[in-house]
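Examining the three-dimensional arrangement
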Amino acid sequence: MEALKSKILTDGVVLGSQVLKVDSFLNHRIDPVLMSGIGDTFAELFADAGITKVLTIESSGIAPAVFAALRLEVDLIFARKRKSLTLRDDIYTEKAYSFTKQEENEITVSKSFLNAEDRVLIIDDFLANGQAALALARIVRQAGGEVAGIGIVIEKSFQNGRQVLLDAGFRVESLARVASLENNTIRFVE
Ligand code: G4P
């Protein structure tokens, strides 16, 4: 998606060779016009996939996911992150280990918001190692539903997340694929 790539080039800040800071339009301040375009693009990509729900994880996945859900005319559910929870039987729970942040999150979704008839589009802001998307997919499976695809705003293609998700059999659509952040320079996959 050209508008997203341009924005990454003008506003993205490279932190070392591993992290791309995009606080100015995605992770802290949000550019609603860009987000709306991102929603349009996801909706076009998954127009024929029979999506019944969009699922993301708080907090930065919510903005792109809500625009995708709006265009697809389905509900958006965001998984909540908790450090620990007492056992409850009205929620689906999965663990997601973040290599970037070196912490384990327990993510939860109310059982009343996903069911076996759902075909779910998973959306997230970043794809690094794929663990958040896999945990969301396990929650869909717990509900008996099907993952129709995974939509990513920014994929760090130099990490293994895309391969992990493809190996698990998922369709992955990333709107910007960053090949490298070496030498303080953002390079996209050709
Ligand atoms: P994974 O799901 O692909 O395995 O990714 P990982 O756990 O390694 O990443 C954990 C968190 O770090 C996620 O945010 C993810 O969006 C973020 N992240 C990973 N790489 C980058 C990067 O290069 N730049 C930025 N800006 N973020 C990155 P989170 O903890 O869920 O935070 P938030 O959604 O509350 O903002």
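Residues numbered from 1 in each chain as written. Predicted model: local features only at pLDDT ≥ 70, side-chain atom pairs only at ≥ 80, totals over all residues. Heavy atoms only, no water.

1. Some thoughts on the nonpolar core
- Leu 4, Ile 8, Leu 20 and Ile 154 are the most contacted members of the largest nonpolar core, which has 34 residues in total.
- Listing elements by their share of this core, those giving two or more residues are helix H1 (2-11), helix H2 (23-27), helix H3 (32-45), helix H4 (62-72), strand S7 (119-127), strand S8 (146-156) and strand S9 (172-180).
- Beyond its immediate chain neighbours, meaning those up to four positions away, Ile 8 contacts Leu 20, Phe 25, Ile 154, Ala 176, Ile 186 and Phe 188.
- Ile 57, Ala 96, Ala 133 and Leu 165 belong to the second-largest nonpolar core, a separate cluster that totals 26 residues. (Core = buried A, V, L, I, M, F, W, Y, C linked by side-chain atoms within 4.5 Å. Buried < 20%, exposed > 50% of the residue type's maximum accessible area, 1.4 Å probe, protein only. Helix = DSSP H or I, 4+ residues; strand = E, 2+ residues; numbered from the N terminus. Contact = heavy atoms within 4.5 Å.)

2. As for the UniProt feature "binding site: 5-phospho-alpha-D-ribose 1-diphosphate" (unreviewed entry) in the protein
- Here the UniProt-annotated "binding site: 5-phospho-alpha-D-ribose 1-diphosphate" (unreviewed entry) positions come out as Ala 128, Asn 129, Gly 130, Gln 131 and Ala 132. Set against the largest pocket, the annotated residues that line it come down to Ala 128, Asn 129, Gly 130, Gln 131 and Ala 132.
- Within the secondary structure, Ala 128 is located in the loop between S7 and helix H5 (131-142).
- With residues up to four places along the chain from it excluded, the contact list for Ala 128 reads Thr 100, Lys 156, Gln 159, Asn 160 and Gly 161.
- Relative to the helices and strands, Gln 131 resides in helix H5.
- On the accessibility criterion, Gln 131 (25% relative accessible area) is partly exposed.
- Leave out the neighbours within four places in its chain, and Gln 131 touches Ala 96, Tyr 97, Phe 99 and Val 164. (UniProt positions renumbered as here; feature names shortened; annotations may be inferred. 1 Å grid on protein atoms, 1.4 Å probe; cavity = no way out; pocket = protein on both sides within 12 Å on 5 of 7 lines; lining within 4 Å.)

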